[in-house]
Each structure stands twice: as C-alpha cells, then as structure tokens.
Amino acid sequence: MKRGHIPIRTCKGCGQKRPTTELIRLIYDHGLREDKDKCLPGRGVYCCQNGQCRLRLEKNKKGLRRAFRL
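Residues numbered from 1 in each chain as written. Predicted model: local features only at pLDDT ≥ 70, side-chain atom pairs only at ≥ 80, totals over all residues. Heavy atoms only, no water.

(A) View of helix α2 (residues 61-68). Within α2, the full set of buried residues consists of Gly 63, Leu 64, Ala 67 and Phe 68. Projected onto a plane normal to the axis of α2, the buried residues spread over an arc of 120° and lie on a single side. Residues of α2 that are exposed and point more than 90 degrees away from the buried face comprise Lys 61, Lys 62 and Arg 66. Buried residues in α2 make contact with β3 (23-28), β4 (32-35), β5 (44-48) and α1 (51-59). A positive backbone phi angle near 55° is found at Arg 69, which sits one or two residues after α2. (Buried < 20%, exposed > 50% of the residue type's maximum accessible area, 1.4 Å probe, protein only. Helix = DSSP H or I, 4+ residues; strand = E, 2+ residues; numbered from the N terminus. Arc of directions from axis to C-beta. Contact = heavy atoms within 4.5 Å.)

Now the structure itself:
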C-alpha cells in the first residue's frame, strides 16, 4: 500500500489547520483572486471554503498586508 503525503495548511481567516484539499488558495494580483488550480505564481494564502472565513480575512487588512508582504 502506497502512502501519499497530504500537505496541511492554516486558514488565514480562522486559524484552523486543514489539508489543502479542503482549503482555497488566494493570491494578490491587484486585489484578492482565487487560484482554483493552485498553480498561479506569487505568494498565496489559504482560506476555508465557507464565506465567513473569507469575509474575516478580507476585513483583516493588516494581516493581509503581512501575509502578502506588501
């Protein structure tokens, strides 16, 4: 039986650790943009798929600037 590695990332909205399959990746390209294929260049942050975490993340401007190193 072959075991595969499943990366664990932290949601920037709520702080929960989850596998990347349960999170969406967001990049900053003149505003927040969803990276559906998780392959766009640049620094990205991960967020839960529910709307509350994304709203919390978008409201936290200081945290976003730090995460994207703006």
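(B) Spotlight on the pattern of salt bridges. Under the definition given, this model contains five salt bridges. Across the salt bridge formed by Glu 34 and Arg 54, the nearest N and O atoms sit 3.5 Å from each other. Residue Glu 34 is located in strand β4, and its partner Arg 54 is located in helix α1; the two are separated by 20 residues in the primary sequence. The exposure class assigned to Arg 54 is partly exposed, which follows from its relative accessible area of 23%. A salt bridge links Arg 54 to Glu 58; the nearest nitrogen and oxygen atoms lie 3.4 Å apart. In this pair, Arg 54 and Glu 58 are both assigned in helix α1, four residues apart and thus about one turn of the helix distant. Since its relative accessible area comes to 31%, Glu 58 is described here as partly exposed. A network of salt bridges, in which partner residues are shared, links Glu 34, Arg 54 and Glu 58. (Salt bridge = Lys/Arg side-chain N within 4 Å of Asp/Glu carboxyl O.)

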